[in-house]
Amino acid sequence: MNPGRFFFAIVLRELQVAFKRWGDLASPLMFFVIVSSLFPLALSPKHEVLRNLGPAVLWIAALLATLLSLNALFRTDIEDGTMEQLVLSPYPLTLAIFAKTVAHWLLNGLPLVVLAPALAVTYYLPAEGVRALCLTLLIGTPTLSLLGAVGAALTAGVRQSGGLLALLVLPLMLPVLMFGARATDLAGSGEQIAGPVYLLAALLLLALSLLPFATAAAVRISLD
Amino acid sequence: MMWNWFHKLASPPHFYRLAGIFAPWLLWPALIMLVIGMYGGLVLAPPDYQQGDGFRIIYVHVPSAYLSTMIYSVMAITSGIGLIWRIKLAFAVAASAAPIGASFTALALVSGMLWGKPMWGTYWEWDPRLTSELVLLFIYFGYMSLRASFEDLSKADRASGLLAVIGVVNLPIIHYSVVWWSSLHQGPSIGKLGAPSISGDMLWPLLLLIAASTLFFGAMLLYRVRAEVLDREHNARWVENLLGDTPGEE
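Nothing here was measured: the structure is a model prediction, and the numbers come from that model. (Residues numbered from 1 in each chain as written. Chains lettered and ligands numbered in written order. Predicted model: local features only at pLDDT ≥ 70, side-chain atom pairs only at ≥ 80, totals over all residues.)

Glancing now at the overall build of chain A. When its secondary structure is counted, chain A shows 9 helices and 0 strands. Against the globule reference of 17 Å for 224 residues, chain A gives a C-alpha radius of gyration of 18 Å, in line with a compact fold. Summarising its shape, the C-alpha atoms of chain A cover approximately 55 × 30 × 30 Å along the three principal directions. When burial is assessed residue by residue, chain A has 49% of its 224 residues classed as buried. Intrachain contacts of chain A at a sequence separation of at least 6 include 81% that bridge at least 24 residues. (Helix = DSSP H or I, 4+ residues; strand = E, 2+ residues; numbered from the N terminus. Rg over C-alpha atoms; globule rule 2.2 N^0.38 Å. Buried ≥ 20, exposed ≤ 12 C-beta atoms within 10 Å, placed from the backbone. Contact = placed C-beta atoms within 7 Å.)

Attention now goes to the nonpolar core. Counting 133 residues, the largest nonpolar core has Leu58(A), Ala218(A) and Leu162(B) as its most contacted members. Ignoring sequence-local partners within four residues, the contact set of Leu58(A) consists of Ser36(A), Ala116(A), Leu119(A), Ala120(A), Tyr123(A) and Leu133(A). (Core = buried A, V, L, I, M, F, W, Y, C linked by C-beta atoms within 7 Å.)

Taken residue by residue, the interface counts 20 residues in chain A and 22 residues in chain B. Every element with two or more residues in the side of chain A that touches chain B is listed here: helix H7 (127-154), helix H8 (162-188) and helix H9 (194-223) of chain A. In terms of residue count, H8(A) provides more of the side of chain A that touches chain B than any other element does, 10 residues in total. For the side of chain A that touches chain B, the per-class residue count stands at 18 nonpolar, 1 polar and 1 charged. (Nonpolar A, V, L, I, M, F, W, Y, C, P; charged D, E, K, R; others polar.)

So, about helix H3 (residues 47-70) of chain A. An ideal rise of 1.5 Å per residue puts 34 Å on 24 residues; H3(A) measures up with 34 Å between its terminal C-alpha atoms. The axis of H3(A) is deflected most strongly, by about 50°, at Gly54(A), and proline Pro55(A) appears within four residues downstream. (Expected span 1.5 Å × (residues − 1). Bend = angle between axes of the 7 residues up to and from the residue.)

Attention shifts here to the packing of H3(A) against H8(A). All names here are of chain A. Where H3 meets H8, the axes come as close as 9 Å, and the angle between the chain directions of the two elements is 150°. Taken as axis vectors, H3 and H8 run roughly antiparallel relative to one another. For the crossing formed where H3 meets H8, the hand is right-handed. Residue-level contacts link Arg 51, Pro 55, Ala 56, Trp 59, Ile 60, Leu 63, Leu 67 and Leu 70 of H3 to Leu 165, Ala 166, Val 169, Met 173, Leu 177, Gly 180, Ala 181, Thr 184, Asp 185 and Gly 188 of H8. Taken together, the residues of the contact of H3 with H8 break down into 13 nonpolar, 3 polar and 2 charged. (Axes fitted to C-alpha atoms, helices over the stretch in contact; angles between N-to-C directions. Parallel < 35°, antiparallel > 145°, perpendicular 65-115°, else oblique. Left-handed = near helix turned anticlockwise from the far one by under 90°.)

Next up on the list: the confidence of the model for chain B. All names here are of chain B. Overall, the predicted model of chain B reaches an average pLDDT of 85, with 90% of residues at or above 70. Mean pLDDT in chain B bottoms out at helix H1 (residues 2-10), which sits at 72, and peaks at helix H3 (residues 58-85), which reaches 93. The ipTM for the predicted assembly is 0.89, set against a pTM of 0.89. (pLDDT = per-residue confidence, 0-100.)

A few words on unusual backbone geometry. A positive phi angle, close to 60°, is found at Tyr124(A), a residue other than glycine. Judged by local crowding, Tyr124(A) falls into the partly exposed class, with 18 C-beta atoms found within 10 Å. Even without a glycine there, the phi angle at Arg86(B) is positive, about 55°. The residue Arg86(B) is located in the loop between H3 and helix H4 (88-120) in this model. Note on Arg86(B): 13 C-beta atoms within 10 Å, which makes it partly exposed.

So, about the packing of helix H2 (residues 22-42) of chain A against H3(A). All names here are of chain A. At a minimum axis distance of 9 Å, the contact between H2 and H3 shows a crossing angle of 150°. Between H2 and H3, the crossing angle belongs to the class labelled roughly antiparallel. With respect to the hand of their crossing, H2 and H3 are arranged in right-handed fashion. Across the interface between the two elements, Pro 28, Leu 29, Phe 31, Phe 32, Val 35, Ser 36, Phe 39 and Pro 40 from H2 touch Leu 50, Leu 53, Val 57, Leu 58, Ala 61, Ala 62, Leu 64, Ala 65, Leu 68 and Ser 69 from H3. Looking at side-chain class alone, the contact of H2 with H3 contains 16 nonpolar, 2 polar and no charged residues.

Another point: the confidence of the model for chain A. Taken as a whole, chain A shows an average pLDDT of 91; of its residues, 100% reach a score of 70 or greater. By mean pLDDT, helix H4 (residues 75-79) of chain A is the weakest element of chain A at 87, and H7(A) is the strongest at 95.

With that out of the way, let us pick up H8(A). Helical geometry: 3.6 residues make up each α-helical turn, so side chains three or four residues apart lie on a common side. Residues and elements named next belong to chain A. With 27 residues, H8 extends only 34 Å from end C-alpha to end C-alpha; this falls clearly short of the ideal 39 Å at 1.5 Å per step. Within H8, 21 of the 27 residues are buried, leaving the element largely enclosed by the surrounding structure. Directly beyond the C-terminal end of H8, a positive phi value near 75° is found at Gly 190.

Right, dumping it as structure tokens:
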């Protein structure tokens, strides 16, 4: 099997396993929807308030939903021995880890991008704002998955890891949040968003080139 | 030759002895310089023509802000050494540096806030430097919590070491992100007092205090690493010989 097929085999396996337990799959997305709908109720249903806060609220909700989905990313595979088999396989562990991260994004990041426009409409974002939200989520959520994977791998051996994971990962995710929310906000008021979008893309490329290696190293630490 | 020296330094008993010899030589000069610098800064230096006596808080703020990042880089470098050459002592140094670094970061934040109240009219401003200092504090907390959550010492060392190395790549990214982000900010920008070139009798206490707190950090680090080494090696023969009785044997 060449490395490419190995990669796709792992992505496929992850998707199959995830669809068997679709409750786990749906709960971060439900969380995203529910958190987003809490804000209008807690703040005020005034159009201008929601339009100003919408970009920030939706981005933070997406960030927290990603965080929620990370806990089980490597834990079950480490506990049932799958990860050891991947380490023993003739392919680099980084490739397997990267495949798992890609699957995580397909299962958690991509649905957020799809759901976001519907929620953006309830925040009365103008069409440009909705488009910018989708674009920034599309570029930003893969970075979140890659960063989250490092955190998940580092805490895979820790028992009560939810709060710890948030503490480790959220500071690292800040730049993505700032540029994503800012670009959405700028687009909503009819301004150019090329700057923050390019920065988001740069963050993604940097994350893609470095973080899978760090995650594989962290998985090795958690294994022994 | 060089490697010999390196390996010898990395052996816990040797380091323990050496650190015990060097620590007072760092601590006493640090304390003396601290007293002189404080006197120079708080008494001799003239009040600032714009900020009055309020500017004197820089004599606490600048050294602690400088140390907050310097200690993080010490932590990241020693973690990197530990991960690459598998030297346990390097992890002990990183682990001992973290609480000191977090304390200086907190001190820099608090002193900055106290300065901000009279100067900016508010304790907190989402200024790039304040924000990235706050994130640095979070990263210190993350490092320490991750360490604390493992029971296995070697796992704790390597996992937290990896986090420190990832953090050092991320810190500049976070810092520049905050800078660029606030330049995208359209809100009113706070009128920062222009930095007038600082006069000599204000400057020398500052430089002296920066040197003093660096030495102070060095001394604290050595004392903490000594304690950490004893704790890690409490079953080793040299610790038994050193402490006389054998508390581990029951």
